[in-house]
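Coordinates in review
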Amino acid sequence: MSLFKALFPFFDASNEVYLDSAATSQRVNASLLAMQEYYCQYNANVHRGGYVSARLASNKYEDARTVVAEFLGAADASQIIFTSGTTDAINLIANGLNIADLQGSEILLFESEHHANLLPWQHFAAKYSLSLTRIKLGDNGTFNQQERKAALASITRNVAIVAMAHVSNALGNIYPVTELCKRAAEVGALSVIDGTQAPAHITVDVSAIHCDFYAISGHKMYAGTGIGALYGKKHCLEKLTPSKLGGEMISHVTWDAYVLQPVPGRFEAGTPNIAGAIGLAAAATFIQANLQRIQETELALALYLLDKINPLARSQKLVILGNIGTPEYFTKESSAIALLSFYIPKIHANDIAAHFASHGVAIRAGHHCAMPLMQSLSIEGCARISIACYTTYQDIDAFVVSLDQLFQESANDDRKAITKPKQFAKSLSALPTNIGDAVSQAPDWNAKHRLLLIHSKSLATLPTHQRTVATEITGCEARVWMSLIHSDEKQAINASKRKLYAYSESKVIRGILALIIEKVNQLPYEEVSRLDIHQYLNQVGLSHYFSQGRRDGISQVIQAICKKYTQAS
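In what follows, the accompanying structure is described. The model shown is predicted, which means the values in this text are computed figures rather than measured ones.

Calculation notes
- Residue indices follow the written sequence of each chain, beginning from 1 at its first position.
- In keeping with the model being predicted, local features are shown solely for residues with a pLDDT of at least 70 and side-chain atom pairs are shown and tallied solely at 80 or more, while totals for entire chains, interfaces and linings include all residues.
- No hydrogens and no water enter the side-chain calculation; it runs on all heavy atoms of the structure.
- Labels follow the DSSP assignment, with helices taken as runs of H or I lasting at least four residues and strands as runs of E lasting at least two, numbered in each case from the N terminus.
- When we talk radius of gyration, it's over C-alpha atoms, and the globule rule is simply 2.2 Å times the number of residues to the 0.38.
- Each residue's exposure class comes from its accessible area (1.4 Å probe, protein chains only) as a fraction of the maximum for that residue type: buried when under 20%, exposed when over 50%, partly exposed otherwise.
- The contact rule is simple, with two residues in contact once any of their heavy atoms fall within 4.5 Å.
- For every accessible area listed, the method is Shrake-Rupley and the probe measures 1.4 Å; residues are considered covered only by the protein chains on display.
- For the charge count, each Lys or Arg is scored as positive and each Asp or Glu as negative, with His and the chain ends excluded.
- One atom stands in for each charge, and that atom is NZ of Lys, CZ of Arg, CG of Asp or CD of Glu.
- Between the N-to-C directions of two axes lies an angle of 0 to 180 degrees, each axis being a line fitted to C-alpha atoms and, for a helix, fitted only over the stretch in contact.
- Put simply, angles under 35 degrees are roughly parallel, angles over 145 are roughly antiparallel, angles from 65 to 115 are roughly perpendicular, and the rest are oblique.
- Lys, Arg, Asp and Glu make up the charged group, whereas Ala, Val, Leu, Ile, Met, Phe, Trp, Tyr, Cys and Pro make up the nonpolar group; the residues left over, Gly among them, are polar.
- For this text, the term disulfide refers to a pair of cysteine sulfurs within 2.5 Å.
- Each crossing gets its hand from how the near helix is turned against the far one by less than a right angle, where anticlockwise is left-handed and clockwise is right-handed.
- For two strands to count as paired, DSSP must find a minimum of two bridges between them.
- To qualify as a nonpolar core, a set must consist of buried Ala, Val, Leu, Ile, Met, Phe, Trp, Tyr and Cys residues joined through side-chain atoms within 4.5 Å.

The helix and strand tally for the protein chain stands at 22 helices and 18 strands. Against the 2.2 N^0.38 benchmark of 25 Å for 569 residues, the protein chain shows a C-alpha radius of gyration of 26 Å, consistent with a compact globule. Overall, the protein chain is about 75 × 55 × 55 Å in size when its C-alpha atoms are taken along their principal axes. Here the protein chain holds 569 residues, and the buried ones make up 55% of them. Considering only intrachain contacts with a sequence separation of at least 6, the fraction spanning at least 24 residues in the protein chain is 68%. Carbon and sulfur atoms make up 50% of the accessible area of the protein chain, which amounts to about 25,100 Å² in all. On the protein chain, the mean spot of the 50 positive side-chain charges and the mean spot of the 49 negative ones are 6 Å from each other.

Have a look at this one:
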């Protein structure tokens, strides 16, 4: 049992093996209690009332600012702005910067940046005709001495902004932000640090880093969602133009003009997330008091995981990404946090995640909001295990057992492998051959998932040469291609007069496509456009198990089908 697991109420209610803390951590009890205390004992707006609860709420809110400032190593609490999270903070910076305050014409970023630290700078660069330059990584996303030297050399006097993650959310790499910020200061460039993945795992000292800005999100560090903080050097904050206007952030207003409050108030328009800020401070206090033990726990678990998984990497059954997969990690643990991303050749990342979900193991798969990184690595996505202080050896063992089962299943004939256990195999023969009827009668997600994998083989596969930009459906979790083949092509592919052909690299997505196309083929031509696919998926008992992203992708598929039928007419 973890030293910390009992401090997280989530695990009292869930038996899930939770290895997705980089997406969102669980909430430490101290943070939950602090928020509950605010709502139950002194719920009032801040800075606006003279009565007892209002004064107490204001004091607690400003105390939280002081705690967060000390946690991040800021010199003064006025350097801390409460935000809704890192995305909000970076947009606040990018939308508030005055181009006249910058020198150079280049924005420099790591190629592993999260979209939250890329898109605002893309917009900024387009607006002011600047260029985006990426700091490249090594093989499989590593960052070692060679990449370090190249990164430092790339920070020249032509660079206006260096925007970089302290820790990569997709790879777990810890980047040398202190060195890079020092170099940025030498050439007069502004330094912006996405610190989202750092505070729960490593010491953060913005005074030592000497960055101009540093942003964090509460839900990545055991606090609530919708709360975060932005640190900024005082003179940098004072140069920013507030992008949100309204109550509280002004000191005086007339019909024709307004006067801003001093920093930080000018950046906190409207009623802030008071409970969230108080909960964030409680989480920061928990981390600060336990950081050494947290680091020891996470390192031991990461080494245990690597001991189990490295033989698979050496035999090339899977590929480990980032610094955690290098020999240096064993001698210099500061090169990465306890986060392991990997891919398995010929098994789609979505299928990997679906397999683990069916075994009660929560991991993340996909592009991790880092599409340009995946493009650089020449992969569509990867799977990610992220360890936190509450992770246990039993969690790692459960992951390894499920991984072994995945390899066993992929090594055998699909039908034989996925119809285990025996009682399911016996019941399978009694199920209808119709995909929709079979899926609707399957009792749970495990059974439905197996059926989708089985029926993925019944999909009319679009030939490789027809998987082009013209036939690709965008907006899906995995790449999907679809085409309506007409009679003049039927001899070449042995198809009927008019038939939908499709393909996805994800086996479970191919099963879903087979299910959808089967339903479409049951309808008269004129009714296809009126098909409510989500109602149908609800009828067969699948909607409950699908993420919003998957539902959105299915909507794109049905829209494409309707469009193809319309064009064919």
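What follows covers the packing of helix 4 (residues 86-96) against helix 5 (residues 119-128). Their axes nearest at 9 Å, the elements helix 4 and helix 5 cross at an angle of 10°. Here helix 5 runs roughly parallel to helix 4, going by the angle between their axes. For the pair helix 4 and helix 5, the contacting residues are I90, N91, I93 and A94 in the first and P120, W121 and F124 in the second. Class assignment for the residues of the contact of helix 4 with helix 5 results in 6 nonpolar, 1 polar and no charged.

Turning to the state of the cysteines, a few remarks are in order. In protein structure, a disulfide is the covalent linkage between the sulfur atoms of two cysteines. Enumeration over the complete set of coordinates arrives at 0 disulfides. Take C369: it sits in no disulfide, and the sulfur closest to it among the cysteines is that of C382, at 12 Å.

Take the packing of helix 2 (residues 29-41) against helix 10 (residues 274-314) next. Axis separation between helix 2 and helix 10 bottoms out at 8 Å; the angle between their running directions is 145°. Helix 10 is crossed by helix 2, and the crossing has right-handed handedness. Judged by residue contacts, A30, S31, A34, M35, Y38 and Y39 of helix 2 engage I274, A275, G276, I278, G279, L280, A282 and A283 from helix 10. A class-by-class count of the residues in the contact of helix 2 with helix 10 yields 11 nonpolar, 3 polar and no charged.

Counting buried positions along strand 7 (residues 213-217) yields 5 of 5 residues, so the element is predominantly enclosed. Side chains F213, A215 and S217 of strand 7 all project onto a buried face; the interleaved residues Y214 and I216 project onto the opposite face, where all are buried too. Sheet analysis places strand 6 (residues 190-194) next to strand 7, joined by 3 bridges and oriented parallel. Bridge pairing in strand 7 links V192 to F213. Relative to strand 8 (residues 228-232), strand 7 runs antiparallel, the two being bridged by 5 bridges. Among the inter-strand pairings, F213 is bridged to a residue of strand 8, identified as G232.

With that settled, consider the pairing of strand 12 (residues 339-343). The element strand 12 is extensively covered by neighbouring structure, given that 4 of its 5 residues are classed as buried. Relative to strand 12, strand 11 (residues 319-321) runs antiparallel, the two sharing 3 bridges. Its bridge partner lying in strand 12, V319 is registered against Y343. Here strand 12 runs beside strand 15 (residues 382-386); their pairing, made up of 4 bridges, is antiparallel. Bridge assignment links S341 to a residue of strand 15, and that residue is R384.

Our focus in this paragraph is the sheet that holds strand 2 (residues 80-83). Spatially, 7 strands are ordered 2-8-7-6-5-3-4 in an open sheet, and the strand pairing comes out mixed. Each edge of the open sheet is held by one strand with a lone partner, namely strand 2 and strand 4 (131-135). Neighbouring strand axes in the sheet, compared pairwise and without regard to direction, differ in orientation by 20° on average. Running at roughly 155° to strand 7, helix 4 makes contact with strand 2, strand 6, strand 7 and strand 8 of the sheet. The sheet strands contacting helix 7 (residues 177-187) are strand 3 (106-110), strand 5 (159-165) and strand 6, and the helix crosses strand 5 at an angle near 170°.

Let's shift gears to the nonpolar core. Among the nonpolar cores identified, the biggest contains 87 residues, and F8, L72, Y214, Y222 and F286 are the most heavily contacted of them. Counting residues per element, this core draws most heavily on helix 10, which supplies 13 residues. Beyond its immediate chain neighbours, meaning those up to four positions away, L72 contacts I80, V204, D205, V206, I216 and Y231. One finds W445, M482, I516 and I561 within the second-largest nonpolar core, a separate group that totals 41 residues.

Spatially, 16-17-18 is the arrangement adopted by the 3 strands of the open sheet, whose pairing is antiparallel. Where the open sheet ends on each side, the last strands, each with one partner, are strand 16 (472-473) and strand 18 (499-504). Where strand 16 and strand 17 (residues 480-485) come together, 2 bridges link them in antiparallel fashion. Among the inter-strand pairings, E472 is bridged to a residue of strand 17, identified as W481. Against the sheet, helix 20 (residues 507-521) makes contact with strand 17 and strand 18, and its axis sits at roughly 165° relative to strand 18, the strand it touches most.

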